[in-house]
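Each chain, written out:
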Amino acid sequence: MPIICIGPVCVPITAIIPILLFVFQPIYVRLPTSYQRKIDDGIKRLQLALNRCLRRIGWNNAQKKKKKKDDDYRDMDDRDDLDDNEENVTHPDRASSSKSNETENSANDSMIKDLLIEEDWNALMQESKTNHTAFIAYFTSSWCKPCKAFYPHFVDLCRKSQINMQYIKVDIDEFDEIALEHKVNTLPTFIKFKNGQQDGFVSGPDQEALAQLYQN
């Protein structure tokens, strides 16, 4: 899903539709409930259609190519720095510490599972309903810089949490319908589900608000 980053948050481009319609809220709230539901359904369908249209014209592919090119240049710069540093010596204690840190980071990241297929999401929701369990869904995108900057805080909270919960990362580029269904309009967004229902919602990189999701 194409996104636009503004300051500390990123906004999916399809979220522009409800943002623009916000000016019509005084009229919307006076409509009968049946009309409101029809409008909500129409907005959702329009958002999905816009996202699929952008995919077809290759918007995401162009962004991926740009990112790959930037990463290639970054790798070349890193190799040049290593070649220029002739006095670089690897000490055994530093190497051991580095390896330990990498292992710890890998263990922390393993707590947060990537959503791979929509069936896994449905199974997770069903498990939450049946077994009365809780989980936190982290909605993000590979192009969201604020998400990457805030991610270590999320990992740290997951590591320190005393509550038995699952954590799942949802890429809105791959699962746009799930994101729209749960009204994800900014990135990052964190939603806590309990008994198959939303039990907490944090929009944006708000560390204090996110910590509240781990309280009960």
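Since we're looking at a predicted model, the values are computed, not measured.

Trainee: How should unusual backbone geometry be read in this particular structure?
Mentor: Across the chain, the bulk of peptide bonds are trans and the bulk of non-glycine residues have phi less than zero. In this structure, Pro 188 follows Leu 187 across a cis peptide bond, with omega equal to -5°. Not every positive phi belongs to a glycine, and Lys 183 is a case in point at roughly 60°. By secondary structure assignment, the location of Lys 183 is in the loop between helix H8 (176-181) and strand E6 (189-194).

Trainee: Can you walk me through the state of the cysteines in this structure?
Mentor: As used here, a disulfide is simply a covalent bond connecting the sulfur atoms of two cysteines. Scanning all chains against the criterion turns up 1 disulfide. With a sulfur-sulfur separation of 2.3 Å, Cys 144 is cross-linked through a disulfide to Cys 147. Residues Cys 144 and Cys 147 are joined through a disulfide that is right-handed, its torsion about the S-S bond being 75°.

Trainee: Sorry if this is basic, but what is going on with the packing of aromatic side chains here?
Mentor: Within a pair of aromatic rings, the relevant descriptors are the distance that separates the centres and the angle that separates the planes. Per the stated rule, a full pass over the model turns up 12 aromatic pairs. Ring geometry for Tyr 138 against Phe 190: centres 5.1 Å apart, planes inclined by 10°, an arrangement best described as stacked. Of this pair, Tyr 138 sits in strand E4 (residues 134-140) while Phe 190 sits in strand E6; the two residues are 52 residues apart in sequence, bridging distant segments of the chain. You'll find Tyr 138 and Phe 190 in the same group, each marked buried. Through successive ring pairs, a cluster of aromatic residues spans Tyr 138, Phe 150, Tyr 151, Phe 154, Tyr 167, Phe 190 and Tyr 214.

Trainee: What exactly am I supposed to notice about the pattern of salt bridges here?
Mentor: Pairing of side chains with opposite charge becomes possible as their charged atoms draw close. Under the defined criterion, the tally for this structure stands at 4 salt bridges. The shortest N-O distance in the salt bridge between Lys 192 and Asp 199 comes to 4.0 Å. Using a relative accessible area of 39% as the deciding quantity, one classes Asp 199 as partly exposed. Via salt bridges that share partners, Asp 156, Arg 159 and Lys 160 belong to a single interconnected network.

Trainee: Sorry if this is basic, but what is going on with the sheet that holds strand E3 (residues 112-114) here?
Mentor: What the 5 strands build is an open sheet, ordered E3-E5-E4-E6-E7; its pairing is mixed. The open sheet has two edge strands with one neighbour each: E3 and strand E7 (197-203). Each strand axis lies, on average, 25° off the axis of its neighbour in the sheet, ignoring direction. As defined by bridge partners, E4 adjoins strand E5 (residues 166-171) across 6 bridges and the pair is classed as parallel. What sits directly across from Ile 136, in E5, is Tyr 167. Relative to E4, helix H6 (residues 118-131) is tilted by about 150°, and along the sheet it contacts E4, E5 and E6. Contacts from helix H7 (residues 145-160) reach E3, E4, E5 and E6 within the one sheet, and its direction differs from that of E4 by about 165°.

What counts as what
- Residues numbered from 1 in each chain as written.
- Predicted model: local features only at pLDDT ≥ 70, side-chain atom pairs only at ≥ 80, totals over all residues.
- Heavy atoms only, no water.
- Helix = DSSP H or I, 4+ residues; strand = E, 2+ residues; numbered from the N terminus.
- Disulfide = S-S within 2.5 Å.
- Phe/Tyr/Trp six-rings, centres within 6.5 Å; stacked < 30°, edge-to-face > 60°.
- Buried < 20%, exposed > 50% of the residue type's maximum accessible area, 1.4 Å probe, protein only.
- Salt bridge = Lys/Arg side-chain N within 4 Å of Asp/Glu carboxyl O.
- Pairing = 2+ DSSP bridges.
- Axes fitted to C-alpha atoms, helices over the stretch in contact; angles between N-to-C directions.
- Contact = heavy atoms within 4.5 Å.

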